Amino acid sequence: MSSDRTLEVSVWRGDVAGRFAAYRVPRHANQTVLDVVIHIQRELDPTLSYRFACRVGVCGSCAMTVNGIARWTCRTHVNKVAADGRLELAPLAHLPVIRDLVTDLRPFFDKWARAGGRFQGKTTRHDPLAVVRPDAPERRVVDAAIECIGCAVCYASCDLVAWRPDYLGPAALNRAWTLVNDARDGARAERLAAVAGDAGCHACHTQMGCSKRCPKHLSPTVSIAGLKRLTARAAWSGAL
Amino acid sequence: MTEARRQTLLWLAQRASAAVLAVCVTAHLATIFYVAREHLGAAEILDRTRGSWMLAMFYAVFVVAAAVHAPLGVRAICEEWLGWRGRPLDRATLVAAALLLAPGLGAVWAVFA
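Rules used throughout
Residues numbered from 1 in each chain as written. Chains lettered and ligands numbered in written order. Predicted model: local features only at pLDDT ≥ 70, side-chain atom pairs only at ≥ 80, totals over all residues. Heavy atoms only, no water. Helix = DSSP H or I, 4+ residues; strand = E, 2+ residues; numbered from the N terminus. Contact = heavy atoms within 4.5 Å. Areas by Shrake-Rupley, 256 points an atom, 1.4 Å probe, with all protein chains shown as cover. Lys, Arg positive; Asp, Glu negative; His and termini not counted. Charge placed at Lys NZ, Arg CZ, Asp CG, Glu CD. Axes fitted to C-alpha atoms, helices over the stretch in contact; angles between N-to-C directions. Parallel < 35°, antiparallel > 145°, perpendicular 65-115°, else oblique. Nonpolar A, V, L, I, M, F, W, Y, C, P; charged D, E, K, R; others polar. Buried area = accessible area lost by both parts, 1.4 Å probe. Salt bridge = Lys/Arg side-chain N within 4 Å of Asp/Glu carboxyl O. Polar contact = N/O pair within 3.5 Å; in protein donor to acceptor, adjacent residues only side chain to side chain. Phe/Tyr/Trp six-rings, centres within 6.5 Å; stacked < 30°, edge-to-face > 60°. Buried < 20%, exposed > 50% of the residue type's maximum accessible area, 1.4 Å probe, protein only. 1 Å grid on protein atoms, 1.4 Å probe; cavity = no way out; pocket = protein on both sides within 12 Å on 5 of 7 lines; lining within 4 Å. Points joined across faces, edges and corners; volume = space filled by probe spheres on them. pLDDT = per-residue confidence, 0-100.

Moving on, we get to the overall build of chain A. Assigned secondary structure in chain A consists of 10 helices and seven strands. A separation threshold of at least 6 residues defines the contact pool for chain A, and within that pool the share at least 24 residues apart is 63%. Of the roughly 12200 Å² that chain A leaves accessible, carbon and sulfur atoms contribute 52%. Taken as two groups, the 33 positive and 22 negative side-chain charges of chain A have centres that lie 3 Å from each other.

Take a look at the structure:
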């Protein structure tokens, strides 16, 4: 039974074949969901596995499923998600569960690599520094998408990832979008070829789950729409 | 043709055919409302369609757009829900397009000739 002073917390324990375990956690003002997890691990059950680092919304490592919704737990206040004093914490969806609240992020970042997510400069250290005007249209587009922290909340919130396991996903496509608009990058054609097709940007149904859930308020949907436009132009002109 | 280009052109074909269908469906619905309001029977409708190149061309475009759009949509559903990929899916898409195109154009011809 939850009260004003106590939270009833169900936490996923084990791997895919695990189950929820119940804990009672003291409630505090300004308490975050990560605070709750830390309390359980330090005070109630030291065997609980979870992942975090910065605790201030920068590193993107503490994302979990909170009451059925993927969230960054370090910046999610309990009061906003558990008004009735109940929390259900599970690992992120669409990723292999290693143990408890820890998922294997390799499929997520492997897709960044598949989408050409690595910057490839076209100059050497002997060339002059590139001048990128802050008000250049391409730079403004990059600004709108560059603050991704790689938390995988968008990936866990995308139904298409569940339907098509080979789908690159919102974060990888968003990353590719920032690079194809980077004036210094020299792999635009290869990157467009990597993100085109039915496992890439054209698979997106524009359901906008990624944009709704992104804790940084980015819109991968807009980035994916941009990739659709660029790849369509490239395919039409024969450049793809 | 690269796979990336083929996939992108298929996506483009579905979006372009959707745009054509938006116009065609609107005009078709307006035609249905006109026929209903004027209480036109089959003979009176055929009087208007026989020999009308304009109506024949309009409905031929409608049929072609539907025959492009619908199979590509069903193809995406098959990929996502059934995990169906590759050549068999390509062939099934073409068969679905032919099954829409042939009777559709046949119907256009039937009311024109």
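We are not done yet, so read on.
With that out of the way, let us pick up the packing of helix 8 (residues 188-195) of chain A against helix 10 (residues 220-237) of chain A. All names here are of chain A. Close contact between helix 8 and helix 10 brings their axes to 10 Å; oriented N to C, the two are set at 110°. As the angle between them shows, helix 8 and helix 10 are arranged roughly perpendicular. On helix 10, the residues touching Arg188, Leu192 and Val195 of helix 8 are Leu227, Leu230, Thr231 and Ala234. Looking at the contact of helix 8 with helix 10 residue by residue, the class counts come to five nonpolar, one polar and one charged.

Time to look at the interface of chain B and chain A. Each side of the interface is counted separately: chain B has 12 residues, and chain A has 18 residues. Contact between chain B and chain A buries roughly 1400 Å² in total, counting both sides, with carbon and sulfur atoms accounting for 58%. Where chain B packs against chain A, one counts two salt bridges. The residue A:Asp166 makes a salt bridge to B:Arg85 at a minimum N-O spacing of 3.5 Å. Here chain B and chain A share four residue pairs in polar contact (both at pLDDT 80 or more) between them. At the level of elements, helix 1 (3-37) and helix 3 (53-82) of chain B are the ones that each hand at least two residues to the side of chain B that touches chain A.

With that settled, the discussion passes to the packing of aromatic side chains. Residue and element names in this part refer to chain A. Summed over all chains, the structure comprises 11 aromatic pairs over all chains. Pairing Tyr50 with Phe52 gives two aromatic rings, centres 5.6 Å apart and planes at 5°, and the pair type is stacked. Of the residues examined, Tyr50 reaches a relative accessible area of 15% and is grouped as buried. Residue class for Phe52 comes out partly exposed when judged on its relative accessible area of 28%. Taking 4.8 Å as the distance between ring centres and 75° as the angle between the ring planes, the aromatic pair formed by Phe108 and Phe109 counts as edge-to-face. Among the aromatic residues, ring-to-ring pairing joins Phe108, Phe109, Trp112 and Tyr155 into one connected group.

This brings us to unusual backbone geometry. All names here are of chain A. Positive phi values are uncommon outside glycine, yet Asn30 reaches one of about 60°. By the secondary structure assignment, Asn30 is in the loop between strand 2 (19-26) and helix 1 (33-44). A positive phi angle, close to 70°, is found at His94, a residue other than glycine. Along the polypeptide, His94 turns up in the loop between strand 5 (86-90) and strand 6 (97-99).

Residue and element names in this part refer to chain B. Roughly 420 Å³ of internal volume is contained in the largest pocket. Contributing to the lining of the largest pocket are 18 residues, with Thr31, Ile45, Thr49, Leu55 and Tyr59 lying nearest its centre. Partitioning the lining of the largest pocket into residue classes produces 12 nonpolar, five polar and one charged.

Our focus in this paragraph is the pattern of salt bridges. Close approach of charged atoms allows side chains with opposite charge to pair. Residues and elements named next belong to chain A. As enumerated under the stated definition, the model contains 15 salt bridges over all chains in all. Asp45 is paired through a salt bridge with Arg13; the nearest N and O atoms lie 2.6 Å apart. Within this pair, whereas Asp45 is found in the loop between helix 1 and strand 3 (63-66), its partner Arg13 is found in strand 1 (residues 6-13), the two being separated by 32 residues in sequence. Residue Asp45 is classed as buried on the basis of its relative accessible area of 16%. Its salt-bridge partner being Asp143, residue Arg139 comes within 2.6 Å of it at the nearest N-O pair. Taken together, the residues span about one helical turn, with Arg139 and Asp143 both in helix 4 (residues 137-145) at a distance of four residues. A relative accessible area of 37% means that Asp143 is categorised as partly exposed. The network of salt bridges with common partners includes Arg13, Asp45, Arg99 and Asp100.

Another point: the confidence of the model for chain B. Mean pLDDT over chain B stands at 95; residues scoring 70 or higher make up 100%. Complex prediction metrics read pTM 0.90 and ipTM 0.80.

This part is about empty space enclosed by the protein. Residues and elements named next belong to chain A. Here the structure, examined in full by the defined rule, presents two cavities of 30 Å³ or more. Its volume calculated, the largest cavity comes out at about 100 Å³. Contributing to the lining of the largest cavity are Cys148, Ile149, Gly150, Cys151, Ala152, Val153, Cys154, Ala171, Asn174, Cys214, Leu218 and Pro220. Those elements that provide at least two residues to the lining of the largest cavity are helix 5 (153-157) and helix 7 (170-180). Residue composition of the lining of the largest cavity, by class: 10 nonpolar, two polar and no charged. In terms of residue class, the lining of the second largest cavity is made up of seven nonpolar, three polar and one charged.

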